Amino acid sequence: MEELIQLKEIKKYFPWKKYKYVKAVDGVSLSINKRDIFGLVGESGSGKTTLGRMMIHLIDSTSGSIFYKGKDITKIKKLEKNLRRNMQIVFQDPYSSLHPRKKIKDIIGSGLRTHNLVRSEGELVTKIEQFLNLVGMGEEHLYRYPHELSGGQRQRIAIARALILNPEFVVLDEPTSSLDVSVQAEILNLLKKLREEFDLTYVFITHDLYLARIITEKIAIMYLGKIMEYGDTESIFKNPLHPYTEALFSVIPKLDPQKRTKKIILKGEIPSPFDPPLGCRFHTRCMKKIGEICEKVSPPLKEVEEKHFVSCHLYD
Amino acid sequence: YAAEKVMVIGMNTSPIVSLDPAKAYEFEGSWILDNVYDKLVRFKPGSASEIEPGIAESWEFSGNNITFTIRDGAKFSNGDPVDAEAVAYSLKRVVKLAQAPSWVITQFGVTEDSIKAIGNKVQIIMDKAYSPSLVLSCMTYSVTGTVNPKVAEEHNVEGDMGMAYLTENSVGSGPYKLVSWERNQKLLFEVNENYWGTKPEIDKIIIIDVPESSSQLLQLKGGTIDVAWNLEHDQIPDVEKTKGVYTLSKPQFKLIYFGMNGQTPPTDNVLVRRAVKSAIDVEAVIKAVGGGVTELHTFIPKGMFAYYDGEEVPYNPEKAKELLAEAGYPNGFEITLTVPDFLSTEGTVVKSYLEQVGIKTNLEVIAYTTLLGKYREQGLELVMARWGADYADPDANAKPFAHCRTTSDEATIKQLAWRNAYANPEFTDMVEKAAFIQDRDEREKVYLELQKKWQSDGIFKILYQMTIQLGLNDRVGNFILNELTQTPWELITLKD
Amino acid sequence: MLKYVIKRLILFVIVIFGVVTITFFISHVIPADPVGAILGENAPQELVEKMERQLGLDLPLGQQYTRYLKGLINWNFGISLRTQKQVSEDLRVYFPATMELAFLALFIAIILGISIGVISAVKRNQWQDNASRVFSLVGISMPAFWLGLLFILILYYHLGLIPAGGRLSPHISPPPMVSGLYLLDSLIAGQFRTFWDALYHLLGPALVLGWIQTAYICRVTRSSMLEVLNEEYIRTARVKGLRERVVIFKHAFRNASIPILTMIGISFGYMLEGSVLTETVFGYPGLGRYAVNSFLSLDLNAVIGSVTLIAICYALSNLIVDLLYAALDPRIKY
Amino acid sequence: MVSNLAKENLQNWIVSWGKRHSSEISDFKETVYLIKKSPLTMVGLAVILILIIMAIFAPYIAPYDPVAMHLDNRLAPPSKAHLLGTDELGRDILSRIIYGAGVALKIVLIVLAIDLPLGILLGLAAGYFGGWIDEIIMRIADIFMAFPRLILAMAIGTALGPSLRNTMIAIALTMWPVYARLARGETLSIKERTFIEAERALGTSNFRILVFNILPICVSTLIVRATLDMGNIIRIAAGMSFLGLGAQPPTPDWGLMVSTGRNFLINQWWVPTFPGFAILLAVFGFNLLGDGIRDISDPYLRRGRQ
Amino acid sequence: MAEEILLEIKDLRVNFYTYRGVVKALNGVNLKIYEGEFFGLVGETGCGKSVTASAVLNLVQNPGKIEEGEILFKQKNLLKMSEKEIREKIRGKEITMIMQYPIAALNPVINNGDQIAEALIANKNMNESEARKRTIELLKEVNIPQPEKIARQFPHQLSGGMAQRVMIAMMLSTEPSLLIADEPTTALDVSIQAQVLSLLKDLISKHRATVLLITHDLSVVAETCSRVGVMYAGDMVEIGTVDQIINNPQHPYTKGLIKAIPSDRSKELVEIRGSVPDLVNPPSGCRFHPRCDYTKPICKKEKPQVLQVEKEHVTACFLYEESRNKKSKEEYAGEYKGGANGRTDSA
Ligand SMILES: Nc1ncnc2c1ncn2[C@@H]1O[C@H](COP(=O)(O)OP(=O)(O)OP(=O)(O)O)[C@@H](O)[C@H]1O
Ligand SMILES: Nc1ncnc2c1ncn2[C@@H]1O[C@H](COP(=O)(O)OP(=O)(O)OP(=O)(O)O)[C@@H](O)[C@H]1O
Ligand SMILES: [Mg+2]
Ligand SMILES: [Mg+2]
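Residues numbered from 1 in each chain as written. Chains lettered and ligands numbered in written order. Predicted model: local features only at pLDDT ≥ 70, side-chain atom pairs only at ≥ 80, totals over all residues. Heavy atoms only, no water.

Visitor: Which residues make up the pairing of strand β10 (residues 204-209) of chain B, and what values do they have?
Guide: Residue and element names in this part refer to chain B. Where burial is concerned, most of β10 is hidden: six out of the six residues are buried. Across the two faces of β10 the burial is the same, with K204, I206 and I208 and I205, I207 and D209 all buried. Both strand β1 (residues 6-11) and β10 contribute to a ladder of six bridges, which runs parallel. If you follow I9 over to β10, its bridge partner there is I207. Direction of pairing for strand β9 (residues 186-191) relative to β10: antiparallel, over a ladder of five bridges. Looking across to β10, one finds that L187 is bridged to I207. (Buried < 20%, exposed > 50% of the residue type's maximum accessible area, 1.4 Å probe, protein only. Helix = DSSP H or I, 4+ residues; strand = E, 2+ residues; numbered from the N terminus. Pairing = 2+ DSSP bridges.)

In structure tokens, the structure reads:
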């Protein structure tokens, strides 16, 4: 399988007051193959969005490199148009990601205009209509404002906006987390359909493990800017190795009583990203902490099973 | 414990800068100072021509000398005697400090050395033999008020001869003394127990600051004040209707004039000037301000010596149009008329009359200060302003209105004619000559001739002579005013 | 916190410096003749020029400016042409008068504005709301000078409820100067009659100014109360079974108070502005009138002095408000 | 037939226009509904409409020439011939008030025509570029804000000389910081919003983001604010005229009318009172309307469609 | 479980009068909650869950109005009580509520301790120092470390989980008979959500309170509640025990909801087509009919009656009515089983 994007020890520190940083992403390495749906899972503040934004070069990374088709894009100040077009993003909240005073036509059409992909207004409208249909909406929405649409419809617009540029790589940042379950299914099905149609590569960011399970092929589980576990989705689900993953699995509410296992309730809160714990990031809440080593040494990401990496001293 | 008699006057006191006689130069300030400091001579109550003794008992002219004999036994309010030394000191002080009103004395060529105290006499030596009536008129001006040399020297700061102190304090020999002055609030005067003349009836006079005339009227009617100092003409009927108050009005030696620039076209053309003058209906102007003022066509106010009551260029719009055509402006022209804020009504009327004969007029109403700034730089096209005689002699107005030998910076007198850039050597000669003519009739003749010529060729048109309009409470009596806005406070009566 | 205060103070100085500079240059480009105006229309030219030299008005503008700044550091604005006194000395007299007026007016405005605003918000869209909005908007809409004239006509002349103007009755002399505030000074001196008289004279102008400010404060109170009343924590308070009065004053009002406080700060500035017109109409000897008269007679030193002082007050009130925020809202950190 | 074809074209065009703008139409309807629901806003709107009508049709409505003097009919009390009486030059006060509406509106419009673009330009620049540009613009704004408005307007008015034009310049100079600040704040907050980031992801240039994405929001916020300020502008202009720093006679300016009429307050009360009322009403109307528009434009109050 | 009815809502109708017209938010809602139970209320956004909760406390916000219906709490109709009575007897004493966004629901300018103490003072006649002491105990009870310190802090200094605990402490402090929890954990992270839910469960059993848990997550309900009500667009479409609802849903909407929950890779996610109706112009008859796969002519005309399926299990659907009339229950059971089997496969 062809590798599309590769991250090497990528970091992002946001400056925060003087001499202080938010270590949003703190050394992440992974690679994503073409046509993959790659899941990025983690609780709020774990750095998923930040990582996603770096992957498509919306923000610069503090250090590390990102190879896109073998080319290091972290070295480029301004992406050439072609590359920009190839990497798109769908944001978490469809209520804030659409310009409130622009019509749907202009929202979707903006990219087309920037990249001179259409020659005339007529062509623009035709193209937009085509994509509206593609995401399951009618032409009648062309001249509407976002506030006239429901959340699900807005998310479709956001998807159309990203896809109309014909990208290769799309970051989906929790595309359904602010939607109802019934709508969520709708959007997920749409995304799946579009992938088939356009041969896309997705990074699917979510905090919902179950969602990740049904949609992704590979996942990385993040905690405080670091990857805890990373590998094929099924293998991780069948056999979560990291205590954090294990706990997460156990606490997700399940509809089916048969699937319920004993809940592992983690103690305490997620530490602040200003000064994350030394050693293993998770040691403050870990129920399987083995000793001082967890507090002192940051465990490396190791391939414990085939294509299943874990960062935990349990497997030293 | 007899009740004190207190009279309250409402007045816009903001123009008053200083109550030092050597410095005060506004009507309000002079009006007050006349009653705080004694002058050598003064006008008889209500008159602006008959001189009576002041702190000087008698006087004598000989050539270019005058000698005043100082009254015996007069005392300052603090008990110090008033002697010739004090009088001479005061006059020298005026010359030395050289403040705004000092020219009233120094125009006669008086220097510090030419003022001498000899025994109980004060001798003043002038550079020429001026007409005595002119000189005596000037001596009635408040600038000659006698200050207490001891006090002035006690408060001498950097050679100011007590000027800073005397700004808000008084040690004079007049009927009243200044007790306190809170600026923009009130001035409080009390009787000077040591006054040599008529014992004043009122114990305290308070002047409170009421800037708006409508407020003055309200407060007069409401009984807060006994005298409303400056009412508008349109308010007079109301006062007359109201029980318990009455009005007092007196034409003043103050006038409102209209001037043109004598150097910039088109008003450098005498025909245009005549046209403009005949286009203005002064009767309309008078009507517009509500009447109550005196019609006047010349720079010598009614009631003053050598007054001419003719009008060489009367209102005649047809004539005005003809003249314009003759001067080459059949369709009129465009020009700016600058007036101070207090003349905006008059300005509006004049503008409308000028436009009736085809002169497009841009009216510019600005603060008086700003106007004066441009005016002094000869920068106005058409102007309206007021002028008040400082002393009751034709010379006081002839000089500013007619004396200008050159419009350049070298001019000796840079007064109204100069400011309007109009030099007329003939007028100038006549003004200079008249000042020295000792014979009254002959002098009058020169002035009459000057006025006629001035009316037909000059750059000015007089709009009217101002009248002061007071409102008084019935309990106030014997409030006397002359044309120079002088009131002997000691004569005012007050009923309980 | 300290750092914030220092930063604000530096800003404050920059602003004042800018104000002084702008005022200086604006007032010195006016094509006018202040000296001539002071000396009167009859004054001879030589005298005018002599005085201009004395005052340094003939120097190049730059030189005048530096001279000016030097004086300013010692709070020395030079001599007022109009009063012939040190401008700073004049300000010492007029400033307390205006402060007295402004504080009384502010007091009226705060009491009225807040209570009307709260009622209006609580009774949104009911008649109480409409009535109080009309009342407050009439206040905002009324030109101060006109309102002043009407007050004098009706309240003084027809009803005799307020004096016609001034700061004290003619026959009462001011208390010995301590602070310059008659209300305070008369109490210090134990002259209660003077106190009442001064208060009585403040009534008219304070009501005029107060009404206008009431409007601003009421408007802000209403809208921020409306906003706060829709907040989740207000529901929480109600769910807790607290009494409505407690909900509104303890829970809603404190949260609404920050914009209100800002408005009060700004109001204070507007007040100085309103005092220009009000003091003129009421003949009240305050800073506003001093400023107007200085403008009209182009008494440059006095103009700059009064404008600088007003701007300082204005900036100071904003500074104080900013610092007060911290006390009211624990979320604000410096 | 040609005309038939044209008619059809027109019809088509109207239909398609209606379709393209259905959102605007429904927004407009919604706005109308909201205005109708608020009686005070209706009153404000009515006052402003009357004002506008007076301004435009003054020559047809006004019974007399506003500057024609009739010195024999000075200070006539209100009567059938002169509904609001005459002033000190015998001019009809009603006619002057009607013409005055035009003067007042002109001041408002010109001041805003200067300040809105200026405020937006400076505010956008400060907010978007930040750094020293922001610092400089905002410090200057702070300095201008530190002057109470009327005082600064007075200073500028005095410096430039009194005239209507200079009044407008003076007021404009005192008001721009408000708009610049507002635009800056708006820009700062919009800049960080997701939809701007979304634009960036599309590769849209900074300039286009500024002009097509940030500007429209700033403009609408500023316009709402401007409606609130319209009343203020009239009031300040009137204050300046009152102090003799504004319009020049014989301009039928309301402030000037009160100013020259104030000596007649007691005996000829109609002279200053009616123009004063005109100011009150106009400012009141603008304030009501401004409050109403603010309420309506407040997404918070407008919500219902979540 | 005592089978005593604590709260009964009968035919509750609430309208919001907005510029767009009347939002018919609740369209005759019926509901019974037994003493001591954990009742879950689920439904999509905007279906009226929160409005129902507000109505119980008589806190429906402007421009909303309770048009008709009865809310019987301990046999007394709350809607007949005066505002004062409700405030003094019900709110904060008998019924309290936990809100969705804990940080927004706490007053930012009052410190955490005072907010709790205030409730104690108002409802429990405690004096200040007693209240303060009790506050600390309560904070300990909700597992807050360093309670004294937290009491002195302000809400913005808390994390979401902590804030929700403070909220819980506050709302349980007065030992209410009924605790309404309006999406208490939706805003929290998964691991924190679990903490809070388990805490809530413990405390409630300790305090013997009855709980009305509102959520849009059926899984949460399945794990925590004993009975569930499913709402759709202002209607209560189905009520039953958790087991009945999950294993034997009768209403097409409930079925759809269950199928839409992601659980399994191999299974296609089933969506409910269409979108939530606008409640200004709600669909006629059964409000779900435009999105229903089994729509019949009658669905468009009449509002379906509430029908008893089993003990405790009711639904409002013509489909069920019909099927019951046919008495051919197996058909539906079969359909369900198919689904259930599919799910169990991959576990
Ligand atoms: N522009 C920024 N400036 C400063 N800190 C930031 C910025 N963006 C993100 N952070 C911080 O970086 C950390 C990671 O944020 P990020 O948005 O990537 O998390 P996330 O995993 O996407 O969380 P969520 O599930 O809430 O979306 C957080 O602590 C956040 O506060
Ligand atoms: N203040 C209000 N004004 C107008 N309509 C309102 C208001 N509050 C609620 N509604 C309407 O009432 C209906 C029910 O709202 P409610 O808040 O009960 O939904 P919900 O089920 O709690 O949704 P969510 O899951 O989003 O909290 C919605 O359609 C909403 O539009
Ligand atoms: Mg995120
Ligand atoms: Mg809700």
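Moving on from the coordinates now.
Visitor: An account of the pairing of strand β7 (residues 169-173) of chain A is needed here, citing residue identities and associated values.
Guide: Residues and elements named next belong to chain A. Counting buried positions along β7 gives five out of five residues, so the element sits mostly inside the fold. In β7, alternate side chains face the same way, and those of F169, V171 and D173 on one face and V170 and L172 on the other are all buried. Bridge analysis of strand β6 (residues 87-90) against β7 gives four bridges, and the strand direction is parallel. Within β7, the residue paired with V90 across the bridge is L172. Considered for its hand, the β-α-β crossover made up of β7, helix α6 (residues 181-198) and strand β8 (residues 201-206) is right-handed. (Right-handed = clockwise from strand over helix to strand, strands pointing away.)

Visitor: Requested: an account of the interface of chain C and chain B, with residues and values cited.
Guide: At the interface, 48 residues of chain C touch 45 residues of chain B. Taken together, the two surfaces of chain C and chain B that pack against each other cover about 3700 Å², and 52% of this comes from carbon and sulfur. Seen at the junction of chain C and chain B, the total is two salt bridges. Remark: the boundary between chain C and chain B carries eight residue pairs in polar contact (both at pLDDT 80 or more). When residues of the side of chain C that touches chain B are traced back to their parent elements, those giving at least two are α2 (34-39), α3 (45-55), α7 (144-158), α11 (244-282) and α12 (287-296) of chain C. When residues in the side of chain C that touches chain B are grouped by element, the largest group, six residues, is from α3 of chain C. A class-by-class count of the residues in the side of chain C that touches chain B yields 25 nonpolar, 14 polar and nine charged. (Contact = heavy atoms within 4.5 Å. Buried area = accessible area lost by both parts, 1.4 Å probe. Salt bridge = Lys/Arg side-chain N within 4 Å of Asp/Glu carboxyl O. Polar contact = N/O pair within 3.5 Å; in protein donor to acceptor, adjacent residues only side chain to side chain. Nonpolar A, V, L, I, M, F, W, Y, C, P; charged D, E, K, R; others polar.)

Visitor: So what about the sheet that holds strand β8 (residues 210-215) of chain E? Which residues, and what values?
Guide: All names here are of chain E. If you walk across this open sheet you meet the eight strands as β6-β7-β8-β3-β9-β10-β12-β11, and the pairing is mixed. Edge strands, defined here as strands with exactly one partner in the open sheet, are β6 (95-98) and β11 (307-310). Across the sheet, the axes of successive neighbouring strands diverge by a mean angle of 20 degrees, strand direction being ignored. As paired elements, strand β9 (residues 227-232) and strand β10 (residues 235-241) share six bridges and run antiparallel to each other. (Axes fitted to C-alpha atoms, helices over the stretch in contact; angles between N-to-C directions.)

Visitor: Describe the site of ligand 2, listing the residues and the values that go with them.
Guide: The environment of ligand 2 is made up of 18 residues, and the closest members are G46, G48, K49, S50 and V51 of chain E. More than one chain reaches ligand 2: the nearby residues come from chains D and E. Take E183 of chain E: an N or O atom from its side chain is 3.0 Å from an oxygen atom of ligand 2. For ligand 2, whose unbound accessible area comes to 630 Å², protein coverage reaches 82%. Of the residues forming the shell around ligand 2, the biggest block, three residues, is contributed by helix α1 (residues 49-56) of chain E. Here the shell around ligand 2 is built from residues that sort into seven nonpolar, seven polar and four charged. (Near = heavy atom within 4 Å. Areas by Shrake-Rupley, 256 points an atom, 1.4 Å probe, with all protein chains shown as cover.)

Visitor: Describe in detail the arrangement of the chains, supporting the description with residues and values.
Guide: Contact between chain A and chain B is absent, and the minimum C-alpha spacing across the pair is 48 Å. Nothing in chain B touches chain E, and the closest approach of their C-alpha atoms is 48 Å.

Visitor: Can you tell me about the site of ligand 1, naming the residues and giving the values?
Guide: Residues and elements named next belong to chain A. The local shell around ligand 1 holds 14 residues, among which G45, G47, K48, T49 and T50 are the closest. In this structure, S46 approaches ligand 1 through a main-chain N or O atom, which is 3.3 Å from an oxygen atom. In the model, an oxygen atom of ligand 1 is placed 3.5 Å from a nitrogen or oxygen of the Q92 side chain. Here ligand 1 loses 68% of its free accessible area of 630 Å² to cover by the protein chains. Breaking the shell around ligand 1 down by element, the ones donating at least two residues are β2 (21-33) and α1 (48-55). Examining the composition of the shell around ligand 1, we find that three residues originate from one element, α1, more than from any other. Residue classes in the shell around ligand 1 are distributed as four nonpolar, seven polar and three charged.

Visitor: Before we move on, could you go through the sheet that holds strand β13 (residues 334-340) of chain B and cite the residues and values that matter?
Guide: Pairing between the strands of a sheet comes from backbone hydrogen bonds, and it takes one of two forms, parallel or antiparallel. Residue and element names in this part refer to chain B. In spatial order, the strands read β8-β9-β10-β1-β11-β16-β12-β15-β13-β14; together these 10 strands make up an open sheet with mixed pairing. One side of each edge strand has no neighbouring strand; the edge strands of this open sheet are β8 (176-182) and β14 (360-366). Bridge count between β13 and β14: seven bridges; the pairing is parallel. The residue of β14 that forms the bridge with V339 is V365.

Visitor: How would you summarise a nonpolar patch on the surface if you had to cite specific residues and measurements?
Guide: A cluster of nonpolar side chains, namely L49, I52, I53, I56, F57, Y60 and I61 of chain D, defines an oily patch on the protein surface of about 710 Å² accessible area. Structurally, I53 of chain D is set in helix α3 (residues 39-61). (Patch = residues over 30% accessible without salt bridge, like charges linked within 9 Å, V, L, I, M, F, W, Y side chains within 5 Å.)

Visitor: Which residues make up helix α4 (residues 121-134) of chain A, and what are the values?
Guide: Residue and element names in this part refer to chain A. Along its 14 residues, α4 runs 20 Å from first to last C-alpha, staying within 8% of the 20 Å computed at 1.5 Å per residue. Where α4 is concerned, the buried positions are L124, V125, I128, F131, L132 and L134. Taken together, the buried residues of α4 touch α3 (104-114), α5 (151-163) and α6. A positive phi of about 80 degrees marks G136, the residue just after α4. (Expected span 1.5 Å × (residues − 1).)

Visitor: Talk me through the pattern of salt bridges; I want residue IDs and the actual numbers.
Guide: As enumerated under the stated definition, the model contains 78 salt bridges over all chains in all. Residue D234 of chain B is joined to R74 of chain D by a salt bridge in which the shortest nitrogen-to-oxygen separation is 2.8 Å. Here the residue D234 of chain B occupies a position in the loop between β11 (227-228) and α8 (236-241), and R74 of chain D occupies one in the loop between α3 and α4 (93-129), the pair thus bridging two chains. Comparing D234 of chain B with R74 of chain D, the two get one shared label, buried.

Visitor: Requested: an account of unusual backbone geometry, with residues and values cited.
Guide: Residue P265 of chain B is joined to P266 of chain B through a cis peptide bond whose omega torsion reads 0 degrees. By secondary structure assignment, the location of P266 of chain B is in the loop between β12 (245-260) and α9 (270-279). The amide bond that connects P249 of chain D to the next residue, P250 of chain D, takes the cis arrangement and shows omega of 5 degrees. Here P250 of chain D shows up in the loop between α9 (206-242) and α10 (254-261).

Visitor: Lay out the interface of chain A and chain D with the relevant residues and their values.
Guide: If you look at the interface, chain A gives 28 residues, while chain D gives 25 residues. Overall, the association of chain A and chain D removes approximately 2300 Å² of surface from exposure, summing both partners, and the carbon and sulfur fraction of that is 52%. A per-residue breakdown of the area chain A buries against chain D is headed by H99, R101 and Y143 of chain A, which together make up 21% of the total. Across the chain A-chain D interface, the total number found is two salt bridges. For the salt bridge of R53 of chain A with E197 of chain D, the shortest nitrogen-to-oxygen distance reads 2.5 Å. Counting across the chain A and chain D interface gives 11 residue pairs in polar contact (both at pLDDT 80 or more). Of the residues that constitute the side of chain A that touches chain D, the class distribution is 10 nonpolar, nine polar and nine charged.

Visitor: Explain the confidence of the model for chain C to me, and be specific about the residues and the numbers.
Guide: Across chain C, the average pLDDT comes to 83, with 93% of residues at 70 or higher. For this predicted complex, the interface confidence reaches an ipTM of 0.80, while the overall pTM sits at 0.82. (pLDDT = per-residue confidence, 0-100.)

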